[in-house]
Amino acid sequence: MEEEQDFQFILPFKNSDLLNSRGDQFYVQQIYTANEIPEQLLACKSKVHQRDPFYIFEHFDTYYSIIETTANDAAAIRNLMRAFDLLYLTVDTLGGQLSPLLSSSEPPSSHDRVRFLNLTKMTLFLFINTVKRIDIVVQQVLKEQQLNQQKKRGKQAEALEQYPDWDVKRGKFLVQLYNVMQYELEKLWSPPVAEESFVTMVCDICYRTLELVPQRADNRQYIDTLFYIFGIAIKRYNHAITFPARILQILRSTEHASTTVANGILLLHDKYGITTVFSILMKDIVEGLILDTSDTTVSRNFSNFLTEFSGIAPKMMIPHLSKLGDELLGCESHVLRNCVLQIMGDAVVGELTSEELDDEMKEARNEFLDSLLAHVNDISAHVRSKVLHIWHHLKEQHAIPLSYLIPVMREAVCRLEDKSSLVRKSAIQLIKAFLENNPYSGKLTHEELMKKYQKEVQVMEQLDEVLIEERKQAEKLNEQWKLVIPELMPIIEQSLNESPELQIDKEEPYEDLVNKILPLLVDKNYKDATVLVRKADFVLGNYEVSQLLNIEERCVYFISLFKTFLSMASGFKDSSEEMQKQIKTVEFLKDSIEFSLVATCAMPKMLELLMSKTNTDVFEAVDLFTTGYLFGIQGTQAGMQRMLNLVWSSDKEKRDAVSNAYRRVLFTTDLTGRAHSIKVVQNLSKFLSEIEYGHYTALEQLMGEWVASENVDALIIQVLFERFTLKLEGTTKDESRLALQLLIMASQAKSTISSANRAIIEDIAVGERAKQDPRIYTGCLQLLVNSIDANNNSKYYKRNAMDAKFVQQITSLFLAFFVHPKLPEFDALAMSLFEYYYRMCQAPDELAQHIVKELLGRFNDQWLVSAPSSAEEPPLTQTTDIPYSQPLPMSQGQSQSQLPSQAADGPVRMPVYLVARFVFCVGYMTIKEMIFLDMDVYNNMKYREELTALEEKKNKKDGVNALRRQTVSAMEVRKRLSGVAAEPQQEPDDDLVGATAEDNIAEEINAICEDMLLYDPNALMSKIYPIIIDICKRPGEYRDQHLQQSATLTLARLMTVSSKFCETNMSFLMNILNMTKNIKIKCNTVVGLSDLTFRFPNVIEPWTGHFYSQLHEENTELRLTAVKMLSHLILHEMIRVKGQIADLALCIVDESDEIKNITKQFFKEIANKSNILYNVLPDIISILGDINLHLEEEKYRIIMRYILGLIQKDRQIETLVEKLCLRFPLTRAERQWRDIAYCLGLLSYNERSLKKLIDNVQHFKDKVQIDEVYQSFKQIISNTSKLAKPELKAVVTEFETRLNECLQVTEPGSNPQTDGAPSESRANKTKTARPGTKSQRGRPKASSGRRKQNARPESSSEEESSDDDRATRSRRQTAQQRNRMAPSSESSD
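All residue numbers here refer to positions counted from 1 along the written sequence of the relevant chain. Where totals are concerned, whole chains, interfaces and linings use all residues; where local detail is concerned, this predicted model gives features only for residues with pLDDT of at least 70, and gives and counts side-chain atom pairs only at 80 or more. Derived side-chain values reflect all non-hydrogen atoms in the structure, with water molecules and hydrogen atoms excluded from consideration.

Peer 1: Would you take a moment to explain empty space enclosed by the protein for this structure?
Peer 2: The gaps left among the atoms become clear once a water-sized probe is rolled over them. A pocket, in this scheme, is an open set of points on a 1 Å grid over the protein atoms alone with protein on both sides within 12 Å along at least 5 of 7 lines, while a cavity is a set where a 1.4 Å probe fits but cannot get out; residues line either one if an atom lies within 4 Å of a point. Grid points are joined across faces, edges and corners, and a volume is the space filled by probe spheres set on the points. By the definition in use, this model includes seven cavities of 30 Å³ or more. In this structure, the largest cavity encloses a volume near 90 Å³. As for the largest cavity, its lining consists of Asp 167, Arg 170, Gly 171, Leu 174, Thr 209, Val 213, Arg 216, Asn 219, Tyr 222 and Ile 223. Put simply, DSSP H or I for four residues or longer makes a helix, DSSP E for two residues or longer makes a strand, and each gets a number counted from the N terminus. Secondary-structure elements contributing two or more residues to the lining of the largest cavity are helix 6 (166-182) and helix 8 (220-236).

Shown next as structure tokens:
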């Protein structure tokens, strides 16, 4: 189009301005309708194909009509996309024509310049506005789709089909725009400066795109194109002022723009060298953050940008960090503090880790690290956790200087006591990282480090003495040198003057020349020495340099060389360099010791976290103990043992964490094959030798898992047997016994380990080693017993005959061991023998009876000795009068009536340890007999019945299925069938017939236990048990403590056989428990009571109070035993949980850590069991809050803080709030009000529970005057307000208003007693309604008895107010009736 241009195109402020005609300005003459546009586009298409971009002058109205239409139908969208495609081709053609015009060295003519300027502005105006319009339509459609997906799904999907690959097309548009901007477009203007409206139009679409499109991997190149356009606009079109303002606006409002802008700013810096823009942007961001700290969205978006940018360009951030820190580290927003601290961490990692930093950069680095260290103690838990994570990252990147290592470690250890679990977790992870990446040593054992340190200090002291001698020698040498210089100087000058250039015939090695020089200096032959020194200097390559010096300088140079050689000739040595190295070594070891001590300080705190209620604490503590143990940190040993308690946790994740930790410690080596197995066995043996006895069972459990998972494989078992049999070279006796213990553990999980090696084990059990060390005998029998599959029973394996050689041998050995006075661990030896009899032999009762008769016979025939006259007998071997031990051999035809005459003939005496051993054997044999009848005999009889039924039915398949039933005991069947019998059946069926048969067998076995074992006149035990009771009844005559322990333990075991015998002797056993001073007897009795509770729960139930009384004893071992037994019984639902559980709650503040931990674990377990803890919680609060208990307030709070923290259900909390509020009018002491308010403050409140608190304000409104009570309620308001929803905040506000109203009670003119009077009357009524408050049960402390009785009516009255506690009330009433029927300790005494 060549016609003369008589208009100019002015970019409009708004598009509608083009509809107005002004002078020579271009304006739109016609707006086409939707029907006319397709025809006009066809005309445009034909023009585009002719590659003439000037058709825009003619068809501008067509495109303008398209971009100004407001319709969003399919036709309008189709027209938009067609217009985009045509304009894309038009711009491409325009670029082709602009390139030669603008790249020419000659400026374009005025005519061409105006024509192309109008064309460029018009084309880009249309192109950019078309893209804007498409973006608007697409965003609108997407928004409508999100708002109402179901209603307009089909229509919207159809509309969106009009935008195929729009993101790709938009990317191509940006590339096209960038291509046009690369031309020197400013030449189109006169003067050659592009108008601002044109640059703004081009950049505006780029800013819009930045807001709309998040950066992805597939559009990264298009996003970069945006910043290439910005770079051109800033460098060539004066866009530097507008750019920061628009970018700041985008960052403020667009969340996804932080990553895009960060990458773009770096691109501008790298590609275009634009640095000022970032400085302006940083200044504006800081100012914006200071003004908008309350706006979390702005803070978050700006923080994200700063964090992103510091991660990719830390060097650019460093100059601005000081200002950032000064302005933002003190602001309230934790998001901003986290951001600045993260940037500091990134800066240190990215740019400040080099050893070659200048002083300024080192100072900056230390400033950043100091800020990070200070904010480990930030007020916000989010910041504390974040900073610990940053330090963790710094440690992983080896970016922490040594001088900061120990201070950071010390702060991390302090954070282990943080109230936030998130912070504690981060601190543990940081300490673990410090241990794993410590620069000091692979083993940080304190003792080893101290030895090394002391050794190096001695070396340093010796070096110091050497340095003193060297200084003296140097002074002496200097004096000699002063005398040599006048003599040496003329010789050197003469040599240099006579031969300035030294002629060297042949070159000798430097070492040879030195060896020649030194003797000449000693002989003071300086002339020849001068020649050799010059030769040596030549050999070293210094000749050319020395030639540049004048004669005087050369003389001085060679004088200094002579001094060096003279020092060597005198044997002078300078150790200062070595001393510096030694000082560094000592400092390094000193730091190592300090690091080890700091790590050791963490371990006691980690022990507490190991039993935490928070799972993350437990997992991280397990992980840290494992790491610390591998590094030899002192204190981790206790943690590794304490971890064994978690083996019994109900939480599978905890059990797995512990198992994996021990796998890592014990089974991870850098060896393979046999060497690996030997190392694993060494690890297992070492660990077994270190654990406490109480953790042995837990290790057995773990060993079973390791055998099942084949961590303990065949090769390890082989090495264990080689150690056990002493075939492995270098194995000690102790290592052999440890290997035997490990084999016993492993064989419990896999019986073939023992059964496959039975012959070897039997040989050792009766061999010389066993005779010399009875512990080998005991272990071998235990290992042989494990050859029976634990899942099997007596009907599936063959037993040894009574007269088998091995059985006779072990019996003979036992009888020989029995009389040995210094035999260690006799109880374990006897138990292993009887265990072998009853598990492995036929007729084990006859074998056991044979042992007893043999012992009785030997008592009469061989072991009766006269009273020793020597005073050398130790107290433990005091003798027992025969009148009380002679009744044992009843089988000899003697009777008790003969005893007095025999005693009168002469006091025949025997060693008391034999009697104690005999009594122990009788007790253990009896309980094994009962178990044998209950389990083995019962299942064998059932097996025979099943075989008979199999023959009768001739149905092998059914019979085989019947034979595969699970092993049960007669006692379990009787309990189960008693429940079945209580339910009437409509008609008998096969199950009932089977049940009746089972019942008959179980009743027959029960009759044997009840009536025959102890009461049959022909039974051996009927003649022996009166003697045992007699020993227990006469502790003054039978004074030996070990004998009393054995007799009491045997009595408890006999009581487990028969309920009749148990009921008869129960009061006697309680007398022993209450009156004896022997702690071992008390502990054994408590354990025996636990067994009796499982066996005869109805008989023991009235005596339960004696269990709880042991919790108040002074002896720690007794309290620990009582806690363990009570926890075990309650968790197995053998004891009804009553108010007495408050005594157990007191153990949470026990002085023993083990008791505290077991008690906490117990309450955690019952909290997971339905509503047990919730039902007794009012009783616990009431009893512990009794002022007569005199429980310290801090201890009360510790207990309640732990227990109430276990209540998580909203419904339970609501009811608990009401119950606690109702306790206010029932209490009279200010301390009690404080306690109740404190308990209320510990609960977590929702809307319903808070309303419950508001409804009960009348019960505590007069108590709010007490400051501690008021503060507890304020704490509720404070805690609930944090992160609360609007509905909950409204309830909080209402409660706060009611609380403030309560404060007006004591104002002048009011009567504070008015509201309190009803409460007092109710309290008095309650107080007078308590019957029998003066009577007390048999409790060791009077206050405990009062507390228990006073609290019970209160708790029951409280529970009547709740429907969901009816079942609890029923159980409680039953328990009270039983308690009334239970004999008191005074009567039993």
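Continuing now.
Peer 1: It is not clear to me how the nonpolar core should be interpreted in this structure. Could you clarify?
Peer 2: Generally speaking, a soluble globular protein has its nonpolar side chains buried in company with each other. Only buried Ala, Val, Leu, Ile, Met, Phe, Trp, Tyr and Cys residues count toward a nonpolar core, and they belong to the same one when joined by side-chain atoms within 4.5 Å. The buried label applies to any residue whose accessible area, calculated with a 1.4 Å probe on protein chains only, is under 20% of its type's maximum; exposed applies above 50%, and partly exposed to all values in between. Counting residues in each nonpolar core, the largest one holds 383 residues, and the members touching the most others are Trp 391, Phe 1163 and Phe 1273. Looking at this core, the element that brings in the most residues is helix 40 (residues 912-953), giving 17 residues. Note on definitions: a residue-residue contact is assigned when non-hydrogen atoms from the two residues lie within 4.5 Å. Look past the residues within four positions of Phe 1273 in its chain and what remains in contact with it is Phe 1224, Ala 1237, Leu 1240, Leu 1253, Phe 1260, Val 1264, Phe 1295 and Leu 1299. One finds Leu 477, Ile 517, Tyr 526 and Leu 566 within the second-largest nonpolar core, a separate group that totals 23 residues.

Peer 1: Would you mind showing me how to read the packing of aromatic side chains here?
Peer 2: How two aromatic rings sit relative to each other is set out by the distance from centre to centre and by the angle between their planes. Aromatic pairing here means that ring centres of Phe, Tyr or Trp (its six-membered ring) are within 6.5 Å. Orientation follows from the plane angle: under 30 degrees is stacked, over 60 is edge-to-face, and everything else is tilted. Counted according to the given criterion, the structure contains 44 aromatic pairs. Aromatic ring contacts, followed pair by pair, group Phe 9, Phe 26, Phe 60, Tyr 64 and Phe 125 into a single cluster. One residue, Arg 115, lies across the ring of Phe 54, its end atom 4.0 Å from the ring centre. Charge-over-ring contacts are defined here by two conditions on Lys NZ or Arg CZ: a distance within 6 Å of the ring centre and an angle within 35 degrees of the ring normal. In this arrangement the basic side chain of Lys 395 is found over the ring face of Phe 434, its NZ or CZ atom lying 5.5 Å from the centre.

Peer 1: Would you mind showing me how to read the side chain of Asn 1157 here?
Peer 2: You can see Asn 1157 is positioned in helix 52 (residues 1153-1167). What Asn 1157 contacts, discounting residues up to four positions off in sequence, is Met 611 and Arg 642.

Peer 1: Help me out: how do you make sense of the packing of helix 28 (residues 673-690) against helix 29 (residues 696-708) in this one?
Peer 2: A pair of packed helices can be characterised by two numbers: the angle between their axes and the separation between those axes. Geometry is summarised by axes, namely lines fitted to C-alpha atoms with helices restricted to the contacting stretch, and by angles between N-to-C directions that run from 0 to 180 degrees. Running from N to C, helix 28 and helix 29 cross one another at 160°; their axes reach a closest spacing of 11 Å. Relative to helix 29, the element helix 28 is oriented roughly antiparallel. The handedness of the crossing between helix 28 and helix 29 is right-handed. Contact residues: Leu 684, Phe 687 and Leu 688 in helix 28; Tyr 696, Leu 699, Met 703 and Trp 706 in helix 29. Looking at side-chain class alone, the contact of helix 28 with helix 29 contains seven nonpolar, no polar and no charged residues. What sets the label is the angle itself: under 35 degrees gives roughly parallel, over 145 gives roughly antiparallel, 65 to 115 gives roughly perpendicular, and the rest give oblique. Handedness of a helix crossing follows the sense of rotation of the near helix relative to the far helix, less than a right angle counterclockwise being left-handed and clockwise being right-handed. Note that Gly is not counted as nonpolar here; it falls among the polar residues with everything else outside the nonpolar set of Ala, Val, Leu, Ile, Met, Phe, Trp, Tyr, Cys and Pro and the charged set of Asp, Glu, Lys and Arg.

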